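Listed below, chain by chain, are the residues.
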Amino acid sequence: MDLFDWQSSGEWIPVCKLDDLQKNKGKRFVVAGREIAIFRTENGVFATDDYCPHMGDSLSAGRIWEGTVVCPRHMWAFRLADGRCTDVPTLSVPTYKVTVRDGWVLLKKPVE
Ligand code: FES
């Protein structure tokens, strides 16, 4: 029995099926009113805000590279694990907890 009852917890939001995500690509979703980029990588599934904190380009269109997403406009890289920019360490993009259960990608409900 799976003790993680995501359907009744109210804390996890189903975003898409895992099979809807291409490997080593990002995809944009609107979840709880926020534009979220979901990335399926060799090391798991990650979620960040879709907006680059530099000048707002869509990170979901970025390239996955060594645990980061590389913004398509100025090529700054953001670590998928914690959002920290590896080019400008004082800059970061918000990240969200993600898990995969029963073939669904679930996003932990963002704190208001
Ligand atoms: S807009 Fe993303 S690095 Fe400049």
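**Q** It is not clear to me how the overall build of the protein chain should be interpreted in this structure. Could you clarify?
**A** Helix and strand counts for the protein chain stand at one helix and ten strands. Across the protein chain, helices and strands are ordered from the amino to the carboxyl terminus as α-β-β-β-β-β-β-β-β-β-β. Taking 2.2 N^0.38 as the reference for a compact globule, 112 residues should give roughly 13 Å; the C-alpha atoms of the protein chain span a radius of gyration of 14 Å, in line with that estimate. With the C-alpha coordinates aligned to their principal axes, the bounding extent of the protein chain is approximately 45 × 30 × 20 Å. The buried share among the 112 residues of the protein chain stands at 27%.

**Q** Where do I start with the sheet that holds strand E9 (residues 98-101) in this structure?
**A** Strands pair in a sheet through their backbones, by hydrogen bonds, and they do so in one of two ways: parallel or antiparallel. Taken in spatial order, the three strands make up an open sheet running E1-E10-E9, and their pairing is antiparallel. Looking at strand neighbours, the two that pair on one side only are strand E1 (12-17) and E9, the edges of this open sheet. When strand polarity is set aside, the average angle formed by the axes of neighbouring strands in this sheet is 35 degrees. Two strands pair when backbone bridges link them, and E9 and strand E10 (residues 104-108) are joined in this way by four bridges, in the antiparallel orientation. Note that in E10 the partner of Arg101 across the bridge is Trp104.

**Q** I tried to follow the sheet that holds strand E7 (residues 77-79) on my own but got confused; where do I start?
**A** The strand order E5-E6-E7 describes an open sheet built from three strands, whose pairing is antiparallel. Sheet topology places strand E5 (63-65) and E7 at the edges, where each strand pairs with a single neighbour. On average, each strand axis in the sheet is tilted by 30 degrees relative to the strand beside it, whichever way the strands run. Pairing of strand E6 (residues 68-70) with E7 involves three bridges; the strand directions are antiparallel. Each bridged residue has a counterpart across the sheet, and for Thr68 the counterpart in E7 is Arg79.

The rules we used
- Residues numbered from 1 in each chain as written.
- Predicted model: local features only at pLDDT ≥ 70, side-chain atom pairs only at ≥ 80, totals over all residues.
- Helix = DSSP H or I, 4+ residues; strand = E, 2+ residues; numbered from the N terminus.
- Rg over C-alpha atoms; globule rule 2.2 N^0.38 Å.
- Buried ≥ 20, exposed ≤ 12 C-beta atoms within 10 Å, placed from the backbone.
- Pairing = 2+ DSSP bridges.
- Axes fitted to C-alpha atoms, helices over the stretch in contact; angles between N-to-C directions.

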